[in-house]
Structure formats: C-alpha cells, structure tokens
Amino acid sequence: TAALLAFLVGNMQPKVYTAKATMLVPRETGSQAVSMSLGALFMGGGGGSGSGGGGGGGLLSLPGVATALPSVTTDQDIIVALLKSRTLREDVIEEHAKLGGPGVRSQMVSLDVNVKDKGVIGVAIEATDSKLAAELANSYFDRLDQLLERQSIQKTKRQETFYASQLERSAK
C-alpha cells in the first residue's frame, strides 16, 4: 500500500522542467577590477571638510592610484551576486508576467546560479512549463546585460560630474 500511495502522489505532482544557460565572464581590466569601496576611499569618499562642499580627503593629487589598486571583489563575484538578486528575479518575472499572465510567478519553481569553471557562470531555471523555463533562463542574461549597461552609464555620469567639479575647483 505504501508503494501505491507513493505512485499516486508522484503522479499528482506537476512535471518540472530545467533550462540552463551559461555565459563567459568578460576579462577584468585594471579599471574594472577596482573595488567600489576602495575607490570611494581614495577618490574622496572618506573624511570630509565639514562643509557641504567637495567631500575632502582622498588621494586626488595622485592620478591613477585608485585604478592601480587590486580588486577585492572580482567581476565574476559581482555578476553572480546580481544574478542571485531579488531585483533581477523580479524584473525577469515581471517581464514574462506581461506576456504570460500573473501565473508565471507560480510556474517558476527554482533558480540556481553556479560557477563550475573559472569564468563560466551558469543559470538553471526549474519551471512547470518547458518553454517558460527556457525563456526565463535566457532572460536572466538579457536583463543582466541591461542592468550592467545602466550601471556603467551611471558610473560614467558620476565620473564626469566629479571631473567637472575638480576642474572647476582647480580653476579657482
């Protein structure tokens, strides 16, 4: 009777499909490998002048020092953290919910982000629909690309603002 019960319960469970996608992590360059916290410390994020002005501190008189520092966090670690983030997960689910309806969230069973080989990141999605699992797995990397591009643009704008304020400050 236990075998019959196990058979019935097993047949009542929905089928779960797994889709996998992988990507190669881009090679790190010196400027990409700088940790944000060390960059903030050496570029004026620490200390301060007490006034609402430039923030003070840092090694502003030594150009290139911050970009020559070793990385504390690798690009691969950052990408894995972003892939595991709730923000990215919600973006992917919302995108597919617009097309497939609100049931998409309940059809996605699990997400596994792994690094098997150095420089290769894999995403495995389990869902009750095979087509949805494949679409979600591919969407993770599409959304990651968009997120990294948006962060790069924001970083460039911050650097531009910083350099403009430094030029203005040195002209005084």
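Residues numbered from 1 in each chain as written. Predicted model: local features only at pLDDT ≥ 70, side-chain atom pairs only at ≥ 80, totals over all residues. Heavy atoms only, no water.

(A) Inspection of the overall build of the protein chain at higher detail. The number of helices and strands found in the protein chain is 6 helices and 3 strands. Taken from N to C terminus, the helices and strands of the protein chain fall in the order α-β-α-α-α-α-β-β-α. Counting across all 172 residues of the protein chain, residues that qualify as buried make up 24%. Contacts spanning at least 24 positions in sequence make up 65% of the contacts within the protein chain whose residues lie at least 6 apart. On the protein chain, roughly 11,700 Å² of surface is accessible, and the fraction owed to carbon and sulfur atoms is 57%. (Helix = DSSP H or I, 4+ residues; strand = E, 2+ residues; numbered from the N terminus. Buried < 20%, exposed > 50% of the residue type's maximum accessible area, 1.4 Å probe, protein only. Contact = heavy atoms within 4.5 Å. Areas by Shrake-Rupley, 256 points an atom, 1.4 Å probe, with all protein chains shown as cover.)

(B) Highlighting the sheet that holds strand 1 (residues 17-24). As summarised here, the arrangement of the 3 strands in space is 1-3-2, forming an open sheet in which the pairing is antiparallel. Edge positions in the open sheet fall to strand 1 and strand 2 (108-117), since each of these has one partner strand only. Sheet twist, expressed as the average angle between the axes of neighbouring strands with direction ignored, equals 20 degrees. Relative to strand 1, helix 6 (residues 130-171) is tilted by about 25 degrees, and along the sheet it contacts strand 1, strand 2 and strand 3 (120-127). (Pairing = 2+ DSSP bridges. Axes fitted to C-alpha atoms, helices over the stretch in contact; angles between N-to-C directions.)

(C) Broad picture of the confidence of the model for the protein chain. In the predicted model, the protein chain carries a mean pLDDT of 75, and 73% of its residues have values of at least 70. The least confident element of the protein chain, judged by mean pLDDT, is helix 2 (residues 36-45) at 40; the most confident is helix 6 at 91. Below a pLDDT of 50 lies the segment residues 31-69, which in the model reaches 43 contacts outside its immediate sequence neighbourhood of four places, other chains included. (pLDDT = per-residue confidence, 0-100.)

(D) Spotlight on a nonpolar patch on the surface. Taken together, the side chains of Leu4, Phe7 and Leu8 define a hydrophobic patch exposed on the protein surface, amounting to about 320 Å² of accessible area. Leu8 sits in the partly exposed class, given a relative accessible area of 43%. (Patch = residues over 30% accessible without salt bridge, like charges linked within 9 Å, V, L, I, M, F, W, Y side chains within 5 Å. Salt bridge = Lys/Arg side-chain N within 4 Å of Asp/Glu carboxyl O.)

(E) View of empty space enclosed by the protein. One pass over the full model with this rule turns up 1 cavity of 30 Å³ or more. As for the largest cavity, its lining consists of Leu88, Asp91, Arg143, Gln146, Leu147 and Arg150. Of all elements in the fold, only helix 4 (86-100) and helix 6 reach the threshold of two or more residues within the lining of the largest cavity. Counting residues per element, the lining of the largest cavity draws most heavily on helix 6, at 4 residues. For the lining of the largest cavity, a count of residues per class yields 2 nonpolar, 1 polar and 3 charged. (1 Å grid on protein atoms, 1.4 Å probe; cavity = no way out; pocket = protein on both sides within 12 Å on 5 of 7 lines; lining within 4 Å. Points joined across faces, edges and corners; volume = space filled by probe spheres on them. Nonpolar A, V, L, I, M, F, W, Y, C, P; charged D, E, K, R; others polar.)

(F) Spatial organisation of the nonpolar core. Counting 26 residues, the largest nonpolar core has Leu83, Ile121, Ile125, Tyr140 and Leu144 as its most contacted members. Element by element, the count of residues in this core is highest for helix 6, at 8 residues. Among residues more than four places away in sequence, those in contact with Tyr140 are Leu83, Leu88, Arg89, Val92, Met108, Leu111, Val123 and Ile125. (Core = buried A, V, L, I, M, F, W, Y, C linked by side-chain atoms within 4.5 Å.)

(G) Representation of helix 4 in the model. In this model, helix 4 (15 residues) spans 20 Å end to end at C-alpha, consistent with the 21 Å of a helix rising 1.5 Å per residue. Burial in helix 4 covers these residues: Leu88, Val92, Ile93 and His96. Buried residues of helix 4 fall within an arc of 125 degrees about the axis and therefore sit on the same side. Looking at helix 4, the residues exposed on the side facing more than 90 degrees away from the buried face are Arg86, Thr87 and Lys98. For helix 4, the elements touching its buried residues are helix 3 (75-84), helix 5 (104-107), strand 2 and helix 6. Positive backbone phi, approximately 90 degrees, marks Gly101, located one or two places after helix 4. (Expected span 1.5 Å × (residues − 1). Arc of directions from axis to C-beta.)

(H) Region of the structure containing the packing of helix 4 against helix 6. Relative to each other, helix 4 and helix 6 sit at 125 degrees, their axes nearing to 9 Å. Viewed along their axes, helix 4 and helix 6 adopt a mutual orientation that is oblique. Considering how the two elements wind past one another, helix 4 and helix 6 form a crossing that is right-handed. Contacts between helix 4 and helix 6 pair Leu88, Arg89, Asp91, Val92, Glu95 and His96 from the former with Leu132, Glu135, Leu136, Ser139, Tyr140, Arg143 and Leu144 from the latter. Looking at the contact of helix 4 with helix 6, its residues break down into 6 nonpolar, 2 polar and 5 charged. (Parallel < 35°, antiparallel > 145°, perpendicular 65-115°, else oblique. Left-handed = near helix turned anticlockwise from the far one by under 90°.)

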